[in-house]
Amino acid sequence: MRVWFFACVLAIAAGCNRGAPNRNIVPMRTQVYMVVPSGGAEWVRAVCDGFESEAKKQNADAKIGTFDKEDAKSIVGAVEALNPGSTMTVCVLFSERDAIAETAQTLVSKDIRLITVGSDDSTAARVGHVGSLPSDAAKRWDEIRRQAFPNAKSVLVVFSSPTFKRARLQGAIFGSTLKVNSQQIRESTNPIRYRFVDFDKVTAKDVSQVDVVIAIGDDALRTCIKLDAKALTAVDGSKYALDWARGGKGRFLIGINYREIGRKAFQLAYQKITMQTVEHSFLELPYSDSRETTLDQMAREMETGESIGSG
């Protein structure tokens, strides 16, 4: 009888142990992946900061790798080095459009899903995108032009990295100010004339012969300042651009919030991984504008990656 009693007690205890949670088991944290250009450029660091800060909020792990050359082979190699596993979603930060389609196709063949960050290619087999909204930047420029440079007839646009959606931005500028698209530019009767050039090819003569200069990116802004551009509008989100805009009257800044892009990229990838699908897979964020938002507020937005575009 006593043996039978002890056997029952042991059986009940074993059953209870099977049903009770093991407090020593730590739940697996979700890992979210992104690869970015190497070199430590400020805009890249800002995107990574936004990505990592959002990971902390979600109690997840941000896994970030780097590639030395923006081509499919280097990018795919950087993705594989993170060992994301098949059917996983990976963010790739592109500064230009050229390598996106081949990268996407190569990752698809390896059963890895791509979210493009920064630049985009609508023909590529990607499952999501987070970047800037070219039409918004062009709209803000047109408002600045009409109020600050109403008599300007010639505008020089200087590009540097990152050249997010350069072709779309050029088309948006034509559309906002000339009311034509890129193919119809020769048909425009508007007296304003645009010229587009890379920062490493622009000269002091180029800058001196136009009414207004738009510098897109940190290197473009630094170059235009060195070349003594007078009527200058910057399109950037760097600390240098903010400090420059604070330095005198008549300086206009259209601010792109790189940290916010990083935050949104993490959110989109996290939802893709944990929920398999999301309602809005393609996000294009507005810019801030120093005419509508104080520079201090713009700086806070860019430091936290939140409230972009608030006036």
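Draft legend 1. Structural detail: the environment of Gly39. Positionally, Gly39 belongs in the loop between β1 (31-37) and α2 (42-57). Distance in space between the C-alpha atoms of Gly39 and Asp68 is 7.8 Å, their sequence separation being 29 residues.

Draft legend 2. Spatial organisation of empty space enclosed by the protein. According to the stated counting rule, one finds two cavities of 30 Å³ or more in the structure shown. By volume, the largest cavity is sized at about 100 Å³. Together, 13 residues line the largest cavity, and Pro162, Phe164, Ile216, Ile256 and Tyr287 are the ones closest to its centre. Approximately 60 Å³ is the volume found for the second largest cavity. Lining the second largest cavity, in full, are Ala137, Ala138, Trp141, Leu169, Ile173, Ile214, Ile216, Val235 and Ile254. Contributing elements (two or more residues each) for the lining of the second largest cavity: α5 (134-148), α6 (166-178) and β8 (212-216). Here the lining of the second largest cavity takes three residues from α5, the largest share from any one element. Within the lining of the second largest cavity, the residues separate by chemical class into nine nonpolar, no polar and no charged.

Draft legend 3. The pattern of salt bridges, seen in detail. Tallied over the entire structure, the rule returns 22 salt bridges. Between Asp218 and Arg222 there is a salt bridge, with its nearest N and O atoms 2.6 Å apart. Of this pair, Asp218 and Arg222 both sit in helix α8 (residues 218-226), four residues apart, which is roughly one turn of the helix. By relative accessible area, Arg222 is classed as partly exposed at 33%. The closest approach of N and O atoms between Asp243 and Lys239, which form a salt bridge, is 2.8 Å. With a gap of four residues between them, Asp243 and Lys239 both fall in helix α9 (residues 239-246), about one helical turn apart. Judged by its relative accessible area of 53%, Lys239 is exposed.

Draft legend 4. Here's a closer look at the nonpolar core. Counting residues in each nonpolar core, the largest one holds 69 residues, and the members touching the most others are Cys91, Val92, Trp141, Phe149, Val155 and Tyr194. In terms of residue count, the dominant contributor to this core is helix α10 (residues 258-275) (eight residues). Apart from the residues lying within four places of it in its own chain, the contact partners of Phe149 are Trp141, Ile144, Val212, Ala231, Thr233 and Phe252. Grouped together as the second largest cluster of nonpolar side chains are 22 residues, Ala215, Leu232, Leu242 and Ala299 included.

Draft legend 5. Expanded view of the packing of aromatic side chains. With the rule as written, the count across this model stands at 11 aromatic pairs. Aromatic side chains Trp43 and Tyr258 sit 6.1 Å apart centroid to centroid with 50° between the ring planes, which places their arrangement in the tilted category. Of the two residues, Trp43 sits in helix α2 while Tyr258 sits in helix α10, which places them 215 residues apart along the sequence. Look at Phe174 and Phe196: their rings are 5.5 Å apart centre to centre, the planes differ by 90°, and that puts the pair in the edge-to-face class. Separated by 22 residues along the polypeptide, Phe174 in helix α6 and Phe196 in strand β7 (residues 193-198) bring together distant segments of the chain. Classification of Phe174 as buried rests on a relative accessible area of 8%. The rings of Phe159, Phe174, Tyr194 and Phe196 are connected pair by pair, giving a single aromatic cluster. If you follow Arg222 out to its NZ or CZ, it ends over the ring of Tyr240, 3.8 Å from the centre.

Calculation notes
Residues numbered from 1 in each chain as written. Predicted model: local features only at pLDDT ≥ 70, side-chain atom pairs only at ≥ 80, totals over all residues. Heavy atoms only, no water. Helix = DSSP H or I, 4+ residues; strand = E, 2+ residues; numbered from the N terminus. 1 Å grid on protein atoms, 1.4 Å probe; cavity = no way out; pocket = protein on both sides within 12 Å on 5 of 7 lines; lining within 4 Å. Points joined across faces, edges and corners; volume = space filled by probe spheres on them. Nonpolar A, V, L, I, M, F, W, Y, C, P; charged D, E, K, R; others polar. Salt bridge = Lys/Arg side-chain N within 4 Å of Asp/Glu carboxyl O. Buried < 20%, exposed > 50% of the residue type's maximum accessible area, 1.4 Å probe, protein only. Core = buried A, V, L, I, M, F, W, Y, C linked by side-chain atoms within 4.5 Å. Contact = heavy atoms within 4.5 Å. Phe/Tyr/Trp six-rings, centres within 6.5 Å; stacked < 30°, edge-to-face > 60°. Lys NZ or Arg CZ within 6 Å of the ring centre and 35° of its normal.

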